[in-house]
Amino acid sequence: MSEVKSNLISEQIQRDIAAGVFDQRSFFNVAELMEQYQASKVTIRDALHILCEKGFLISYPRRGYMVNYFSREEVNKIQGIRRRLESYGVQLVIANASDDEIRSLQTDEEVNSESGQNVRFHIQLAKLSGNEFLSEIVSTLVYKIAAARQEKFFWSNEERKKNEVFDTHRQIIDALLARDEARAIREIEKDIRFI
């Protein structure tokens, strides 16, 4: 039970880091997290260790856990990996997903923020691949990029308007529905940008 709760807490903290709830380089207070999640110290520490293993936090003995900072070089390495993995995911989606499943990637532009929509889109796309290992890895990488986006100077010359993100996602969906693998991969690569 404690292991399950640790995993749930680590997933929530991971989403919160990606959403900018916690600033990069800020420290976590274990006592506050215990209260917030109504969990024991052991459960919270296990959750924080999971996040350290995934690279979201850095552990400093006797000081605590700090939200990791991703350098420009690290962001570009992550994006390179994402391009490869998500291109493979596109191949699996084209081979295995129904048109209705692909259409489920579409969302209402007015409801979601650009960042939240982008995270949701790429995680759902990976899930549609049917490969749970691919989905898990892509999710972690997408959350890391979302966390890195909190550092505005990285993206200043790469800022995209909300409509451009939705247009790019529509292009990917159209290519998937047409079962046009080459076009879908080109659109994924356009969407996953280096900085």
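Scroll up for the structure.
One structure accompanies this document, and this report is about it. (Residues numbered from 1 in each chain as written. Predicted model: local features only at pLDDT ≥ 70, side-chain atom pairs only at ≥ 80, totals over all residues. Heavy atoms only, no water.)

The next thing to look at is helix α7 (residues 132-148). Over its 17 residues, α7 runs 24 Å from end to end, which matches the ideal 24 Å to within 8%, given 1.5 Å per residue. Across the 17 residues that make up α7, a large majority, 13, are buried. With a side-chain oxygen lying 3.0 Å from the backbone nitrogen of Phe133, the N-terminal cap of α7 falls on Asn131. (Helix = DSSP H or I, 4+ residues; strand = E, 2+ residues; numbered from the N terminus. Expected span 1.5 Å × (residues − 1). Buried < 20%, exposed > 50% of the residue type's maximum accessible area, 1.4 Å probe, protein only. Polar contact = N/O pair within 3.5 Å; in protein donor to acceptor, adjacent residues only side chain to side chain.)

Put simply, helix α1 (residues 2-19) and α7 touch, their axes get as near as 6 Å, and they point 40° apart. If you check the angle between α1 and α7, you find them oblique. Residues Gln14, Arg15, Ile17 and Ala18 of α1 form the contact with α7, whose participating residues are Tyr143, Ala146 and Ala147. (Axes fitted to C-alpha atoms, helices over the stretch in contact; angles between N-to-C directions. Parallel < 35°, antiparallel > 145°, perpendicular 65-115°, else oblique. Contact = heavy atoms within 4.5 Å.)

Let's shift gears to the sheet that holds strand β2 (residues 57-60). Two modes of strand pairing occur in sheets, parallel and antiparallel, and in both the strands are linked by backbone hydrogen bonds. The strand order across the open sheet formed by three strands is β1-β3-β2, and the pairing between neighbours is antiparallel. Each edge of the sheet is formed by a strand with only one pairing partner; in this case those strands are β1 (27-28) and β2. In the sheet, β2 pairs with strand β3 (residues 64-67) via four bridges, with the strands oriented antiparallel. In the sheet register, Leu57 faces β3, and the bridge partner there is Val67. Here helix α3 (residues 41-54) sits on the sheet in contact with β1, β2 and β3, set at roughly 120° to β2. (Pairing = 2+ DSSP bridges.)

Attention now goes to unusual backbone geometry. Not every positive phi belongs to a glycine, and Gln38 is a case in point at roughly 50°. With respect to the helices and strands, the residue Gln38 is situated in the loop between α2 (30-37) and α3.

Moving on to the side chain of His122. Here His122 shows up in helix α6 (residues 114-128). By relative accessible area, His122 is classed as buried at 0%. A distance of 3.4 Å separates the side chain of His122 from the side chain of Arg82, its partner in a polar contact. Of note is the side chain of His122, whose polar atom sits 2.5 Å from the side chain of Glu86. Leave out the neighbours within four places in its chain, and His122 touches Arg82, Glu86, Val138, Val142, His169, Ile188, Asp191 and Ile192.

None of this, on its own, says anything about what the molecule does.
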